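# Reading the structure
In case you want the letters, here they are:
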Amino acid sequence: MAATMEAPRPQGRRQVLLAEDNEMTAQLVELMLRNSDHQLDVVLSGSDAIAAASEKHYDVVLMDYHLPDQTGLAAAREIRRQLREQTRIVAITSDLNSLAHDDTWDSVVDAVLPKPIGRPDLMAAIEQIRPLAGQLHDAHARADSNLEADLRPSVLLLPEGGYGDWLPRDVRAAGPNDEAPDIVVLTQTAAIRDLGDYLDPVRRLYTPVIDMTGMHGDMADISVGMVSADALCDAIAGARKILKSVTATRTGKFDPTRLEDALLLSLFARDRPLTPAFDADCPDALRFPRDALTGPLRPVAERLADAGLVERTFFDRIHTCPNCHSSRLNVREECLRCRSPHLDKMTVGHHFSCSHHMFEGVSALGAEVVCLKCSQATGRANDENDTLGTIIHCHSCSHEAGSSAVGYRCLDCAVHHDSEEVSFRDWHSYRLSARGHSAVTSGTFSLASGAELEDDVVGFVHALLTEHCRMNAGLAPFTVLRLTLEGVEVLQRDHGLRACRQTVTLFERALRETLRPDHQTLRKGDCYYVLLANSTVAEVEAGLPYLMQRTTGHLQLDPGARVEICSPGDFAALSAEVLTV
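Residues numbered from 1 in each chain as written. Predicted model: local features only at pLDDT ≥ 70, side-chain atom pairs only at ≥ 80, totals over all residues. Heavy atoms only, no water.

## Concerning the packing of helix H11 (residues 259–270) against helix H13 (residues 298–306)
Let me state the cut-off plainly: All axes here are fitted lines through C-alpha atoms, helices being fitted over the stretch that makes contact, and every angle between N-to-C directions spans 0 to 180 degrees. Put simply, DSSP marks the helices as runs of H or I at least four residues long and the strands as runs of E at least two long, and each gets a number from the N terminus on. By definition in this entry, angles of less than 35 degrees are roughly parallel, angles greater than 145 are roughly antiparallel, angles of 65 to 115 are roughly perpendicular, and the rest are oblique. Here, residues are in contact when the closest pair of their heavy atoms is within 4.5 Å. Here the nonpolar group is Ala, Val, Leu, Ile, Met, Phe, Trp, Tyr, Cys and Pro; Asp, Glu, Lys and Arg are the charged ones; every other residue, Gly included, is treated as polar.
Two numbers describe how H11 lies on H13: the axes approach to 10 Å, and their chain directions differ by 80 degrees. Accordingly, the angle class assigned to the pair H11 and H13 is roughly perpendicular. Contacts from Leu-259, Glu-260, Leu-263 and Leu-264 of H11 reach H13 at Val-300, Ala-301, Arg-303 and Leu-304. In the contact of H11 with H13, the residues fall into six nonpolar, no polar and two charged.

The structure is reproduced here in structure tokens:
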């Protein structure tokens, strides 16, 4: 069969052929690859796969085992005969037993993917291409990503010139021709100010920094606190572990000019959360490590959190000055009338004999209190005198009241503010989420709108397929709830956008708190899909009143929640509905 073959694509972008007659599986694979650089073509039969592979070069062929006209192995065998070793063929099937009974399968296909297909397995199957003759670009790319294979990391000692003879043999001192050092070692306290001469703000975020002075705290990855050859060697060994993770994942869509990408790399390589620290010298009162080197990281982390790539954990609530936005505020009790902080708390007494209210201690005679009305000495607490409570006395205006106000004086601009005027800002620590981990390992960093929804859809459909396979194997039933908020438009029209959003947020929070951790949830617009594993339709119907009470019973405004129960018989229609992004 004559054919004009296209030249193989360079590493990074793959030409992928999928031979699959199941529309849902094909849609799922297409969705998984939508935000990648890979190009996907889909055919429905083995003969179509053979024809497509003979007319166009494909780096990977994903071949379903059961096809309408022939088995996937037969089609793969013909493709292998035509193309020999030029194409990687991956069998995909839920019938592993049938595949195992064919003794020739391991000589025809390079790998097997069981259904339902997960995104990490799919990406690994596509991107693990054997180097072909003449593809030097691939070999160089792999060599560049393997730091320990042939390259010695460059180490910059600041200030330059000292301790170079202490470096281990498997590293080299950064020279004047190096674009940027791989590791930075600070041997003097003031040396951190010189980092800007060697690293741009993005590189400062993920480049390992060793502090040999012990003075830079969380700005450094490794703090030694002493300068010696052994300490330097041990610190460099620890920094190389971080560097290895950074180098291995700095591929795909990584943008070396974006702080978002650099922060993801940093969280992945260091495997610890980004946590703020209190700093009295900072107007915000809190800062993140390396803020002084890279600029404020909080807005960057918030954008990643909004995209679902990192997870927020509440750290503290800090009040800010409305005038200059500083958080260095003096908080004090103030007089309700004149706002003076010159206050005293006084105890109110009551003399039964003459019905006079007085302040204990205003006119004291020894250990007793003298009534200011009748001048009779009374005990502090007896039949003649009881204690009623306390009042706040202002020494500036002599105002007396049962309570005081809270006021703020900004230490930076000296402007006074009442408590009602002062806003606050919640600070969080940030940890790489499962989606962020997948983005780093696959090299598909993206904050594009819609990308997070597609990831959620892929995860939900994969869980749905898994439960369907388990049910078909007789292991456990499953049910899906579809909750639709039909009153959102009316809510927004009658009560405004802010009230509408708050109501939907409270509904969603209550829904997730009511469900078990193993219940998979997907939100698409005003519709929520909930996969209830190990649950029958009858069990779900019995629990619906409790679910609706927990999710809507506490709401002041009605979002118009309508719930439908989808049985396993609705599986095909439901999957097609969910896959429509």
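## As for the packing of helix H17 (residues 497–514) against helix H18 (residues 537–552)
We apply this condition: Whether a crossing is left-handed or right-handed is set by the direction in which the near helix is turned from the far one by less than a right angle, anticlockwise for left-handed and clockwise for right-handed.
For the pair H17 and H18, the least separation of the axes is 8 Å and the interaxial angle reads 140 degrees. Relative to H18, the element H17 is oriented oblique. Between H17 and H18 lies a crossing of right-handed hand. Taken together, the residues of H18 that come into contact with H17 (itself represented by Phe-507, Ala-510, Leu-511 and Thr-514) are Tyr-546, Leu-547, Arg-550, Thr-551 and Thr-552.

## Notes on the pattern of salt bridges
Side chains carrying opposite charge are able to pair once their charged atoms draw close together. Spelled out, the test is: Salt bridges are defined by distance alone: a side-chain nitrogen of Lys or Arg within 4 Å of a carboxyl oxygen of Asp or Glu. Accessible area is worked out with a 1.4 Å probe on protein chains only. A residue is then buried under 20% of its type maximum, exposed over 50%, and partly exposed in between.
Evaluated as defined, the whole model comprises 20 salt bridges. Of the charged contacts, one joins Arg-425 and Asp-284 as a salt bridge, the two residues approaching to 3.8 Å between their closest N and O atoms. Remark: Asp-284 occurs in the loop between strand E11 (277–278) and strand E12 (286–287) and Arg-425 occurs in strand E24 (residues 423–432); sequence separation between them is 141 residues. The exposure class assigned to Arg-425 is partly exposed, which follows from its relative accessible area of 29%. For Asp-284, a relative accessible area of 25% corresponds to the partly exposed category. Ionic pairing is found between Arg-317 and Asp-426, a salt bridge with its closest N-O pair at 2.6 Å. With Arg-317 in strand E13 (residues 310–320) and Asp-426 in strand E24, the pair connects residues that are 109 residues apart, well separated along the chain. By relative accessible area, Arg-317 is classed as partly exposed at 41%. Three or more residues joined by partner-sharing salt bridges are found here, namely Arg-332, Glu-334, Arg-339 and Asp-418.

## Notes on the sheet that holds strand E25 (residues 478–485)
Rule in force here: When DSSP finds at least two bridges between two strands, those strands are taken to pair.
The strand order across the open sheet built from four strands is E26-E27-E25-E28, with neighbouring strands paired in antiparallel fashion. Of all strands in the sheet, those bounded by a partner on one side alone are strand E26 (520–524) and strand E28 (561–566). Going across the sheet, the axis of each strand differs from the next one's by a mean of 20 degrees, ignoring polarity. Looking at chain direction, E25 and strand E27 (residues 527–533) are connected through seven bridges and run antiparallel. Residue pairing in the sheet places Phe-478 in a bridge with Ala-533 of E27. In the packing of H17 onto the sheet, the strands contacted are E25, E26, E27 and E28, and the crossing angle to E27 comes to about 5 degrees.

## Some thoughts on unusual backbone geometry
The phi torsion at Asp-271 lies on the positive side, around 55 degrees, for a residue other than glycine. The exposure class assigned to Asp-271 is exposed, which follows from its relative accessible area of 66%. Although it is not a glycine, Asn-534 sits at a positive phi angle of roughly 60 degrees. As for its position among the elements, Asn-534 is in the loop between E27 and H18.

## Side note on the nonpolar core
Defined as follows: We define a nonpolar core as any set of buried Ala, Val, Leu, Ile, Met, Phe, Trp, Tyr and Cys residues linked to one another through side-chain atoms lying within 4.5 Å.
Core analysis: the largest hydrophobic core is formed by 38 residues, its most contacted members being Val-29, Leu-62, Leu-122, Val-480 and Val-578. No other element matches helix H15 (residues 451–472), which puts seven residues into this core. The residues contacting Leu-122, other than those within four sequence positions of it, are Val-29, Met-32, Leu-33, Leu-62, Leu-113 and Ile-117. Listed in part, the 30 residues of the second largest apolar core include Leu-265, Ala-307, Leu-309 and Trp-427.

## Topic: the packing of aromatic side chains
Convention followed: Only Phe, Tyr and Trp rings take part, Trp by its six-membered ring, and two of them pair if their centres are within 6.5 Å. Stacked means planes under 30 degrees apart, edge-to-face means over 60, and tilted covers everything else.
For the coordinates displayed, the defined rule picks out five aromatic pairs. With a centroid separation of 5.8 Å and an interplanar angle of 40 degrees, the aromatic rings of Phe-278 and Phe-315 are classed as tilted. Of the two residues, Phe-278 is situated in strand E11 and Phe-315 in strand E13; the sequence distance between them amounts to 37 residues. By relative accessible area, Phe-278 is classed as exposed at 54%. Between Phe-460 and Tyr-529, the aromatic rings sit 6.3 Å apart at their centres with planes inclined by 50 degrees, giving tilted as the arrangement. Taken together, the residues span a long stretch of sequence, with Phe-460 in helix H15 and Tyr-529 in strand E27 at a distance of 69 residues.

## Let's talk about the state of the cysteines
The condition is simple: Note on terminology: pairs of cysteine sulfur atoms within 2.5 Å are recorded as disulfides.
The full count for this structure, using the stated rule, is zero disulfides. Free of any disulfide, Cys-324 has its nearest neighbouring cysteine sulfur in Cys-410, separated by 3.5 Å. Of the cysteine sulfurs around Cys-335, a residue in no disulfide, the closest is that of Cys-397, at 3.7 Å.

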